[in-house]
Amino acid sequence: MIYYYRSLAHQDEIRLLNLFPAHEFDAPVRVRIEHHTRARHEHPSFQHKKSHTDIPAYAAISYAWGTNSARGQLTEVSDGVEKTLSIPSNVERMLRYLRGGRPSQRLWIDAICINQDDLSEKGHQVQQMGSIYAEATQVLIWIEPWRSPEVHEVIFDIMEGTRALDDVDYFGMRYQRSDLPYGGNGAIQGQEVLSFIRSRWFYRRWVIQEVAHASDPMLVSGRRSFDFSTFMAKLRDLCATNQKHIVLTASDKDILFRSDAMTRILDPDARPRRTYRMIDLLIEFHATQCSDDYDRLYALNSLAADPMQVDYSQSIYHMYKEFAIRELKRDPAALLGCAGSLQSNAAEWPSWVPDWRSSLMYTPISQYSDAGHMGMADVCLEDHSLFVPAFYVGTVQLKLNLDNRDWFMRPGLAFGEPMALIKSWHSEYMCRAPSGTPNTRSQTSSIFSDALSAGENPLTEDELLGDGLPPHSDAPQEIVSRMLGRTGFFTDAGDFGIGPRGVRQGDVLIRFLGSRTLIVLRPREYIGFPVTVGDGAAIDPGPGPDPSRTASGHARVMTVVGDCYVPRVVQNGRFPHESELYVFRIE
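Keep in mind that what you see is a predicted model, and the values were worked out from it rather than measured. (Residues numbered from 1 in each chain as written. Predicted model: local features only at pLDDT ≥ 70, side-chain atom pairs only at ≥ 80, totals over all residues. Heavy atoms only, no water.)

1. What about the overall build of the protein?
We count it as follows: Strands here are runs of E lasting at least two residues and helices are runs of H or I lasting at least four, both read from the DSSP assignment and numbered beginning at the N terminus. Categorising residues by exposure relies on relative accessible area from a 1.4 Å probe, with only protein chains included: less than 20% of the type maximum marks a residue as buried, more than 50% marks it as exposed, and the intermediate range marks it as partly exposed. The criterion used for residue contact is that any of the two residues' heavy atoms lie within 4.5 Å. Reported accessibility uses the Shrake-Rupley method at a 1.4 Å probe radius. Residues are deemed covered only where the shown protein chains occlude them.
Scanning the protein from terminus to terminus reveals 19 helices and 17 strands. Within the span of the protein, comprising 587 residues, buried residues form 54% of the whole. Sequence-distant contacts in the protein: of pairs separated by 6 or more residues, those separated by 24 or more amount to 69%. Roughly 25,900 Å² of accessible area belongs to the protein as shown, and the carbon and sulfur atoms make up 49% of that amount.

Put into structure tokens, the structure is as follows:
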């Protein structure tokens, strides 16, 4: 008989999987699927502690969904009746390892405990996934053996310090052939330990909230387990103290950073100075992966101080657009900065709606600087057109070539290389500065450095042009990394700024009330689109006294290029009177 899901009675009800033991690994997987009611409690982002609940103790499983359509099977047993349920094959293998010969145990596994074919149920279950993981007695992080269980045995021995080394070189990890039960070549290199964290789990977006809500996550692989935080701390220490034996890729560094970040997101003692807005989380963890485009937002939802309503029945475009409208009302500069970096190739997609499926063209300023926060605007929407009030700052007059794309792709850079690149940019800046630009060494260095850092801990003149930085400082590399996808420019007033690499002469710079970040807009007539009135007649595309309108008085249609930072505009500190606000039309 086939198992069919019984509907959940209400939104606070969840299913738990009662996994029966088996002494043979290949024995059929037998379970009972139970319904239980959760107790309501505050959103876990604000109160990271377990609630009083009548649900029996259970472990929530954090794992990577399979990449193929291979299916396995389990047997559901209720009241003596056996029914079969098709499940992903990797989940079936996982259950075989987890059950062992232990007594029956209750588990929560999304692939089984949520009816994936019922979009309504999926929506309200995903809405409370943060609480499900927070209330679990334990969160088990399952890493499927990537080579063989025996290799993972060796790796866990290394992390526990129970396996002796036959070489003084600690991270060489050379072993006698007899120590390798899988019949290896006599040596396990550090790269093989790193390949453990290159498992698919470490790239998955869902695992961030799953670990963040866990009180004591446990790493499990094959028959072995290890405290997750301790494992990753040991791994980071090994990498830091054995750099000559191992070269971390950019992806490896992201994984190590995320493993630390996901454990402190909801820790009130370790919370960074900025709260976790949804838009901040989306940028910080943008490199992570998920198979469903809805989950690019929903997978981080329970971590945000401003969570969304989960709804899988709407289209992706409608979902992303509604999120953009919500964020525009809160912080238009941050949202439009994301829109410039995450552009869609679809012709009907407005430029002011970020496409979260796209790759980042640059890191939005709001991600690393307070310059991207606190802007406000009363936005108005008509079909695809966005009308926003903002101050006119000026136009782009001259674009510089501050290129770091080749540098960024090179691993294992020496300390002096990023600093040399910054100095070459400074020389370009000095040579191209138009007349009227501050021309003393200290003035130019200060403005240049402030622009590169968006006002966030800029380098001093001595650090920028001399030898003021301590050896092995991360500051130069951090600055160069943030400049990926960006370049420098001068405005028509002679002010220097940093903006998207795609900025060009004639682009319009605007500023929202209260924001230190500027937004670059491109008049539509500059990119070859005809500008017409209601009857289709062409109008004069040139700007009039009102920079948001043409000389004929019609609204100029703009598209988003991205965010930028112009130090002298920010340092001025004065906002024009509100009577000087213009309404810009963005499509």
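2. Looking at the packing of helix H8 (residues 228-241) against helix H9 (residues 250-264)
Applied cut-off: Axes, fitted as lines to C-alpha atoms, cover a helix only where it is in contact. Angles between the N-to-C directions of the axes lie from 0 to 180 degrees. Working rule for handedness: look at the near helix, and if it is turned counterclockwise from the far one by less than a right angle, call the crossing left-handed; if clockwise, right-handed. Put simply, Ala, Val, Leu, Ile, Met, Phe, Trp, Tyr, Cys and Pro go in the nonpolar bin, Asp, Glu, Lys and Arg in the charged bin, and everything else, Gly too, in the polar bin.
Put simply, H8 and H9 touch, their axes get as near as 10 Å, and they point 145 degrees apart. You can see that H8 and H9 cross each other, and the crossing is left-handed. Contacts from Phe-228, Ser-229, Met-232, Leu-235, Arg-236 and Cys-239 in H8 reach Leu-256, Ser-259, Asp-260, Met-262 and Thr-263 in H9. A class-by-class count of the residues in the contact of H8 with H9 yields six nonpolar, three polar and two charged.

3. Remarks on the pairing of strand S2 (residues 30-37)
Inclusion rule: A pair of strands counts as paired when DSSP detects no fewer than two bridges linking them.
Where strand S1 (residues 13-19) and S2 come together, seven bridges link them in antiparallel fashion. Looking across to S2, one finds that Asn-18 is bridged to Arg-32. Judged from the two bridges that link them, S2 and strand S4 (residues 71-78) form a sheet pairing that is parallel. Across the sheet, Val-31 pairs through a bridge with Glu-76, a residue of S4.

4. A closer look at the nonpolar core
Spelled out, the test is: For the purposes of this section, nonpolar cores are sets of buried Ala, Val, Leu, Ile, Met, Phe, Trp, Tyr and Cys residues that join through side-chain atoms within 4.5 Å.
Ranked by size, the top nonpolar core spans 121 residues in total, and within it Leu-95, Trp-108, Trp-201, Trp-352 and Trp-356 carry the most contacts. Trp-108 has contacts with Ile-14, Arg-15, Leu-16, Tyr-58, Ala-59, Ala-60, Ile-61, Cys-113, Ile-114, Met-129, Ile-132 and Tyr-133, leaving out every residue within four places of it along the chain.

5. Thoughts on the environment of Asn-18
Threshold: The term polar contact refers here to a pair of N or O atoms within 3.5 Å; inside protein, the definition further demands a hydrogen-donor-capable atom paired with an acceptor-capable atom, and it admits residues adjacent in sequence only when both atoms are side-chain atoms.
The residue Asn-18 is located in strand S1 in this model. It is 5.0 Å that separates the C-alpha atoms of Asn-18 and Arg-32, two residues lying 14 residues apart in sequence. If we ignore the near neighbours within four places in the chain, the residues touching Asn-18 are Arg-30, Val-31, Arg-32, Glu-34, Ser-104, Gln-105 and Arg-106. Here Glu-34 takes part through its side chain, which lies 3.1 Å from a polar atom of the side chain of Asn-18.

6. Looking at H9
The cut-off we apply is this: An expected span of 1.5 Å times one less than the residue number is assigned to each helix.
Between its terminal C-alpha atoms H9 stretches 22 Å, which fits the 21 Å expected from 15 residues at 1.5 Å a residue. Restricting attention to buried positions, one finds in H9 the residues Asp-252, Ile-255, Leu-256, Arg-258, Ser-259, Ala-261, Met-262 and Arg-264.

7. Let's talk about the sheet that holds strand S6 (residues 105-108)
The strand order S5-S4-S2-S1-S6-S3-S7-S8-S9 describes an open sheet built from nine strands, whose pairing is mixed. Two strands in the sheet have a free side with no partner beyond their single neighbour: strand S5 (81-88) and strand S9 (224-227). The mean angle between the axes of side-by-side strands here comes to 40 degrees, regardless of whether they run parallel or antiparallel. Across the sheet, helix H1 (residues 89-99) touches S1, S2, strand S3 (59-62), S4, S5, S6, strand S7 (138-142) and strand S8 (218-221), and the angle it forms with S5 is around 120 degrees.

8. Focus on helix H13 (residues 332-341)
Counting buried positions along H13 gives 10 out of 10 residues, so the element sits mostly inside the fold. Buried residues of H13: Pro-332, Ala-333, Ala-334, Leu-335, Leu-336, Gly-337, Cys-338, Ala-339, Gly-340 and Ser-341, and no others. Where the residues of H13 are buried, they touch helix H10 (278-284), helix H12 (316-330), strand S15 (518-523), strand S16 (557-564) and strand S17 (582-586).

9. Digging into the pattern of salt bridges
We count it as follows: Any Lys or Arg side-chain nitrogen located within 4 Å of an Asp or Glu carboxyl oxygen qualifies as a salt bridge.
By the definition in use, this model includes 26 salt bridges. Among the salt bridges present, the one from Glu-34 reaches Arg-106, with a minimum N-O distance of 2.7 Å. Residue Glu-34 is found in strand S2, and its partner Arg-106 is found in strand S6; the two are separated by 72 residues along the sequence. A relative accessible area of 10% means that Glu-34 is categorised as buried. With a shortest N-O distance of 3.2 Å, Arg-432 and Glu-428 are connected by a salt bridge. A residue pair is termed a helical-turn pair when its members lie 3 or 4 positions apart in one helix, as Arg-432 and Glu-428 do in helix H15 (residues 416-432) at four residues. Given the relative accessible area of 23%, Glu-428 is considered partly exposed.

10. Structural notes on unusual backbone geometry
The phi dihedral of Asp-79 falls on the positive side, at around 55 degrees, and the residue is not glycine. Along the chain, Asp-79 turns up in the loop between S4 and S5.

11. Thoughts on the side chain of Glu-135
Tracing the backbone shows Glu-135 in helix H4 (residues 129-135). Among the residues examined, Glu-135 registers a relative accessible area of 9% and is labelled buried. Within the local environment of Glu-135, its side chain forms a polar contact with the side chain of Arg-38, the two groups lying 3.0 Å apart.

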